[in-house]
Amino acid sequence: MADELYGLPPGEFTAARDERARAARTAGDRELAERIRRLRRPTLAAYAGNLLARERPDEAGQLLRLGEALRQAHQDLDGEQLRQLSARQHQLTFTLSRQAGELAARAGQHLSDGVRQEVQDTLHAVLADPAAAGEWARGRLTRALAAPVGFPAAATRPSAAKVTDLDSARARRRKRQDEERERARRRADEARREQGSREAELSEAEAARRRAEEEQRQAEQRVSDLTRQLHDAERDQRRSQEAAQQARDHAQAADRALREARRRAEDAAARADKLDRP
């Protein structure tokens with residue numbers, strides 16, 4: 001719906017938008033009707049920019065890729081890359097702004113010099129700002145985008161002084177990066193030494209642990225052996241106690257039998273004496 005509306009010339013936009021909003025409301029979709037009603041009428045420059053994004057996708061893709069390269073070169077302070085891309089961006093934005101004018105003319109919309117400049121400012125904004133690039137690529141601009149200030153795409157050509165400044169800045173950045181790498185190497189060396197020390201400590205601790213575990217195993221073995229010996233001794237003690245008790249019982253029984261035999265012998269002797277008397 002929105003893509004269709006923003007493909008219409010600005011003079012036709014409002015009537016078409018209102019008609020579609022009424023149709024959505026009649027169909028009972030009040031939320032859709034309200035979203036359509038809030039769509040803003042594009043300016044002529046925005047309409048031309050939208051036409052370009054829609055009708056020239058290959059060239060639009062070139063502009064988007066060039067913008068990514070320019071932003072990266074600007075971030076890296078790469079003077080040589082900026083010089084090479086600068087010539088390319090001037091050629092491409094000029095070609096695309098001319099094509100936007102031709103596309104608008106075919107649709108019956110003449111672009112004045114001022115509107116053409118707004119289109120070109122939009123293209124420069126697309127080069128500088130990824131958010132603007134995404135907005136333009138959807139083909140739904142409602143107004144022209146402002147050209148950036150200070151970005152290489154907004155200048156006619158980087159000056160020699162600017163390039164020198166960029167090269168100096170790159171040199172300073174490289175120096176800082178070298179210093180950071182050196183600090184990182186020192187920290188890595190310290191970390192490796194610390195790691196070696198901790199590994200040695202761990203090795204000693206592991207050896208001490210193994211010795212302690214071996215001593216524990218031997219002590220447990222001795223306890224096991226002594227416990228077994230104690231059990232054997234206790235068993236022998238119980239057996240000896242039982243044998244001693246049996247011997248005592250046997251001795252007591254023998255003593256009783258002896259006394260009984262002695263008594264019977266005495267009784268027999270006494271009876272014999274009586275019989276021998278006249």
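Structure: above.
Residues numbered from 1 in each chain as written. Predicted model: local features only at pLDDT ≥ 70, side-chain atom pairs only at ≥ 80, totals over all residues. Heavy atoms only, no water.

**Student:** Looking at this structure, how should I read the overall build of the chain?
**Tutor:** Scanning the chain from terminus to terminus reveals nine helices and zero strands. Helices and strands appear in the chain in the N-to-C order α-α-α-α-α-α-α-α-α. In terms of its C-alpha atoms, the chain occupies a principal-axis envelope of roughly 185 × 65 × 25 Å. For the chain, with 278 residues in total, the buried portion stands at 26%. Counting contacts in the chain only where the partners sit at least 6 residues apart, residues at least 24 apart contribute 71% of the total. Carbon and sulfur atoms provide 48% of the accessible area of the chain, an area that totals close to 18700 Å². For the chain, the distance from the average position of its 56 positive side-chain charges to the average position of its 50 negative side-chain charges is 3 Å. (Helix = DSSP H or I, 4+ residues; strand = E, 2+ residues; numbered from the N terminus. Buried < 20%, exposed > 50% of the residue type's maximum accessible area, 1.4 Å probe, protein only. Contact = heavy atoms within 4.5 Å. Areas by Shrake-Rupley, 256 points an atom, 1.4 Å probe, with all protein chains shown as cover. Lys, Arg positive; Asp, Glu negative; His and termini not counted. Charge placed at Lys NZ, Arg CZ, Asp CG, Glu CD.)

**Student:** Help me understand the packing of helix 6 (residues 79–106) against helix 7 (residues 113–128) in this model?
**Tutor:** Close contact between helix 6 and helix 7 brings their axes to 9 Å; oriented N to C, the two are set at 135°. Classified by the interaxial angle, the pair formed by helix 6 and helix 7 is oblique. Relative to helix 7, the crossing made by helix 6 is right-handed. Taken together, the residues of helix 7 that come into contact with helix 6 (itself represented by Gln-89, Thr-93, Phe-94, Leu-96, Ser-97, Arg-98, Ala-100 and Gly-101) are Arg-116, Val-119, Gln-120, Leu-123, His-124 and Leu-127. Of the residues in the contact of helix 6 with helix 7, the class split is six nonpolar, six polar and two charged. (Axes fitted to C-alpha atoms, helices over the stretch in contact; angles between N-to-C directions. Parallel < 35°, antiparallel > 145°, perpendicular 65-115°, else oblique. Left-handed = near helix turned anticlockwise from the far one by under 90°. Nonpolar A, V, L, I, M, F, W, Y, C, P; charged D, E, K, R; others polar.)

**Student:** Would you mind showing me how to read the packing of aromatic side chains here?
**Tutor:** Aromatic ring pairs are defined here through the distance separating the ring centres and the angle between the ring planes. Within the structure shown, the criterion is met by one aromatic pair. Relative to Phe-13, the ring of Tyr-6 has its centre 5.1 Å away and its plane inclined at 40°; by these criteria the two rings are tilted. Comparing Tyr-6 with Phe-13 shows no difference in burial state: the two are buried. (Phe/Tyr/Trp six-rings, centres within 6.5 Å; stacked < 30°, edge-to-face > 60°.)

**Student:** Help me understand the packing of helix 4 (residues 44–55) against helix 7, please; the structure alone is not making it clear to me.
**Tutor:** Helix-helix packing: each pair is described by the crossing angle between the helix axes and the interaxial distance. At a closest axis distance of 9 Å, the pairing of helix 4 and helix 7 adopts a crossing angle of 55°. Considering their axes alone, helix 4 and helix 7 lie oblique with respect to each other. The two elements helix 4 and helix 7 cross, and the hand of that crossing is right-handed. Two secondary-structure elements touch here, helix 4 through Leu-44, Ala-45, Ala-48 and Leu-52 and helix 7 through Val-115, Glu-118, Val-119 and Leu-123. Looking at the contact of helix 4 with helix 7, its residues break down into seven nonpolar, no polar and one charged.

**Student:** Where do I start with the nonpolar core in this structure?
**Tutor:** Soluble globular proteins tend to pack their nonpolar side chains together in the buried interior. Counting 32 residues, the largest nonpolar core has Leu-52, Leu-63, Leu-66, Leu-70, Leu-96, Leu-123 and Trp-136 as the members making the most contacts within it. Counting residues per element, the ones that place at least two in this core are helix 4, helix 5 (57–76), helix 6, helix 7 and helix 8 (130–137). Setting aside its immediate chain neighbours within four residues, Leu-66 contacts Leu-85, Arg-88, Gln-89, Leu-92 and Leu-127. Among the nonpolar cores identified, the runner-up in size contains eleven residues, and Leu-5, Ala-16, Ala-24 and Ala-33 belong to it. (Core = buried A, V, L, I, M, F, W, Y, C linked by side-chain atoms within 4.5 Å.)

**Student:** Got a minute to help me understand helix 4 in this structure?
**Tutor:** Within an α-helix, residues lying three or four positions from one another point in the same direction, as the helix has 3.6 residues per turn. With twelve residues, helix 4 extends 16 Å between its outermost C-alpha atoms, agreeing within 8% with the 16 Å of an ideal straight helix rising 1.5 Å per residue. Burial within helix 4 is extensive, with nine of its twelve residues counted as buried. Of the positions making up helix 4, those classed as buried are Ala-45, Ala-46, Tyr-47, Ala-48, Gly-49, Asn-50, Leu-51, Leu-52 and Ala-53. Buried residues along helix 4 sit in contact with helix 1 (2–6), helix 2 (10–26), helix 5, helix 6, helix 7 and helix 8. (Expected span 1.5 Å × (residues − 1).)

**Student:** Would you explain the pattern of salt bridges in this entry?
**Tutor:** Side chains carrying opposite charge are able to pair once their charged atoms draw close together. Under the defined criterion, the tally for this structure stands at 21 salt bridges. Arg-185 serves as the salt-bridge partner of Glu-182, at 2.7 Å between the closest nitrogen and oxygen. Note that Glu-182 and Arg-185 are positioned in helix 9 (residues 160–276) at a spacing of three residues, about one turn of the helix. Under the relative-accessibility criterion, Glu-182 is labelled partly exposed at 33%. For Arg-185, a relative accessible area of 45% corresponds to the partly exposed category. When the shortest N-O distance is used, the salt bridge between Asp-267 and Arg-263 registers 3.1 Å. (Salt bridge = Lys/Arg side-chain N within 4 Å of Asp/Glu carboxyl O.)

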